[in-house]
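# Residue-level structural notes
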Amino acid sequence: MTNMTSPSPIHVIGGGLAGSEAAWQIAESGIPVVLHEMRGVRGTDAHKTDGLAELVCSNSFRSDDATSNAVGVLHAEMRLAGSLIMRAADANQVPAGGALAVDRDGFSAAVTRAIEGHPLIEVVREEIKGLPPEDWDQAIIATGPLTAPDLAAAIQERTGADALAFFDAIAPIVHTHSIDMDICWHQSRYDKVGPGGTGKDYINCPMDEAQYNAFVDALIAADTTGFKEWEGTPYFDGCLPIEVMAERGRETLRHGPMKPMGLTNAHNPTVKPYAVVQLRQDNALGSLYNMVGFQTKLKYGAQGEIFRMIPGLEKAEFARLGGLHRNTYLQSPALLDPSLTLKGRPGLRFAGQITGCEGYVESASIGLLAGRFAAAERRGQAPALPPSTTAFGALLNHITVGHILSDDEPGKRSFQPMNINFGLFPDLEPGAIVKPEGVKRFRGKDKALAKKQAVAARALDDCRRWLESAR
């Protein structure tokens, strides 16, 4: 029986968003943690620093609207649960309309300081090449989509299942001073004011029809990075490379990341742009902006040439060009139980993107849950699962249950990485949506918004009750 006056540490492998959050939740519950992070000893194809919780793709945590957006609801639930990731994000936010975006370096530094300064957390810089030894009776693997080959092979050997994989592409970052503001203008879509924002939080680059078509032609014709042994790996639809979107149809970009809706050219307000490229502030100083939705696998030379075709970016200087890395994830519904424990290996949990969730906050939230579950078991308690009506529970349910059963393989469930969305939440009870007084016709967008608001309110109420009962 564990000596509760001096409990053995829980080991967390991986110092990304999920691992950092898991370690924080465990330590805040009074249980010591050893956080193993290989960066500083061995790098990855995507990371540039050895800082904890480094953001390798966008600097946006997406919508912060907790009243009618599923991501915003997840933000709110994480704040209620004392999330370190959300605390660091809030303290390092940069203007981004209705989104929560962060200064990536300030964010990582804040997480690193908090973790390294916690008296119950020991950070060990080393590569773990195999599954945790049996005497690590409570451990969490949160190595993310860039799990080192030796550990990935050990996981695959232990599970007996092939790890699925998809590509993830990174967007370029531009030095602000190199953007031509005689062509571009500041504006958030529909002038939306978000956390710390003004309604003018994006830089917008307008295109007419001829410029747009030339740009699409160049994307389609450009050289891309070779796939080699990665060939055939599917993309995650929420992070498609810009050139792949272009190949899917000439109008795809204009109805996706380059849509002109809700924007008016301040230099020529009577002429509607045919397409618009948006750039979002990437650091607190405002000296860097990233190209929204411009994840790419183009070769570096082609990137500079093609992206300088964008009006206002003719003389763009890039702080970072786009890139490509491989993401791997488990067939979690078949391998993990509802508390994220590997079936057949008590005490060994997985967390973060390796479980098959997508997005920064989703990854961190699964780390938060895994940390709480492991801490409960260390205290001799059964993990308290969040209700499926919460964003926590909806995402956990997606990971551990999956979607529909496969017709081709009886008993096997279809499973793909997914961001949090209202489609993962259970339906509302009959009568939960009431038509407002004085409204004769209550349908379409108004009714859809009311439904989202009701689901969001229910989620936060249920989350508060769950957190109170789980103390």
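Relevant structure appears above.
## What to know about the overall build of the protein
Looking only at helices and strands, the protein features 12 helices and 16 strands. Computed over C-alpha atoms, the radius of gyration of the protein comes to 23 Å, within 12% of the 23 Å expected from 2.2 N^0.38 for 471 residues, which places it in the range of a compact globule. Split into buried and exposed, the 471 residues of the protein put 56% on the buried side. Accessible surface, the protein: about 20300 Å² in total, of which carbon and sulfur atoms supply 51%. Counting 47 positive and 55 negative side-chain charges, the protein places the centres of these two groups 5 Å from one another.

## Concerning helix α4 (residues 104–117)
If you check α4, its first and last C-alpha atoms are 20 Å apart, about what 14 residues at 1.5 Å a residue would give, namely 20 Å. For α4, the complete set of buried residues consists of Arg104, Gly106, Phe107, Ser108, Ala110, Val111, Thr112, Ala114 and Ile115. A side-chain oxygen of the first residue of α4 lies 3.1 Å from the backbone nitrogen of Asp105; this N-cap is Asp103.

## A word on helix α6 (residues 209–221)
Taking 1.5 Å per residue as the helical rise, α6 with its 13 residues ought to reach 18 Å, and the 18 Å between its terminal C-alpha atoms agrees with that figure. Along α6, the residues classified as buried are Tyr212, Phe215, Val216, Ala218 and Leu219. Across the axial projection of α6, the buried residues extend over an arc of 160°, all falling on one side. Along α6, the residues that are exposed and aim more than 90 degrees away from the buried face are Ala210 and Ala221. In this structure, the buried residues of α6 make contact with β11 (202–207), α7 (242–247), β12 (275–281) and α8 (300–307). Regarding α6, its N-cap is Asp208, as a side-chain oxygen of that residue lies 3.3 Å from the backbone nitrogen of Ala210 further along.

## Describing the packing of helix α10 (residues 360–378) against helix α11 (residues 391–401)
Their axes nearest at 10 Å, the elements α10 and α11 cross at an angle of 90°. By the angle class used here, α10 and α11 are roughly perpendicular. Contacts between α10 and α11 pair Glu362, Ser365, Ile366, Leu368, Leu369 and Phe373 from the former with Phe392, Leu395, Leu396 and Ile399 from the latter. A per-class count over the contact of α10 with α11 returns eight nonpolar, one polar and one charged.

## A look at the sheet that holds β12
Pairing in this open sheet of six strands is antiparallel, and the strands run β10-β11-β12-β13-β9-β14 from one edge to the other. Sheet topology places β10 (185–186) and β14 (318–320) at the edges, where each strand pairs with a single neighbour. Direction of pairing for strand β9 (residues 173–175) relative to β14: antiparallel, over a ladder of two bridges. Looking at β14, one finds that Val174 is bridged to Phe318. Packing of α6 onto the sheet brings it into contact with β11 and β12, and relative to β11 it is tilted by some 95°.

## Quick notes on the sheet that holds strand β6 (residues 121–125)
Whenever strands of a sheet pair, they do so through backbone hydrogen bonds, lying parallel or antiparallel. With parallel pairing, the five strands of this open sheet are ordered in space as β6-β2-β1-β7-β16. Across the chains shown, the open sheet's two edge strands, defined by having one partner strand only, are β6 and β16 (348–350). Strand-to-strand twist across the sheet, computed as the mean angle between neighbouring axes with direction ignored, equals 20°. Two elements, strand β7 (residues 139–141) and β16, share three bridges in a ladder whose sense is parallel. Residue pairing for β16: Ile140 is matched across the bridge by Arg349.

Each value, and the rule that gives it
- Residues numbered from 1 in each chain as written.
- Predicted model: local features only at pLDDT ≥ 70, side-chain atom pairs only at ≥ 80, totals over all residues.
- Heavy atoms only, no water.
- Helix = DSSP H or I, 4+ residues; strand = E, 2+ residues; numbered from the N terminus.
- Rg over C-alpha atoms; globule rule 2.2 N^0.38 Å.
- Buried < 20%, exposed > 50% of the residue type's maximum accessible area, 1.4 Å probe, protein only.
- Areas by Shrake-Rupley, 256 points an atom, 1.4 Å probe, with all protein chains shown as cover.
- Lys, Arg positive; Asp, Glu negative; His and termini not counted.
- Charge placed at Lys NZ, Arg CZ, Asp CG, Glu CD.
- Expected span 1.5 Å × (residues − 1).
- Polar contact = N/O pair within 3.5 Å; in protein donor to acceptor, adjacent residues only side chain to side chain.
- Arc of directions from axis to C-beta.
- Contact = heavy atoms within 4.5 Å.
- Axes fitted to C-alpha atoms, helices over the stretch in contact; angles between N-to-C directions.
- Parallel < 35°, antiparallel > 145°, perpendicular 65-115°, else oblique.
- Nonpolar A, V, L, I, M, F, W, Y, C, P; charged D, E, K, R; others polar.
- Pairing = 2+ DSSP bridges.

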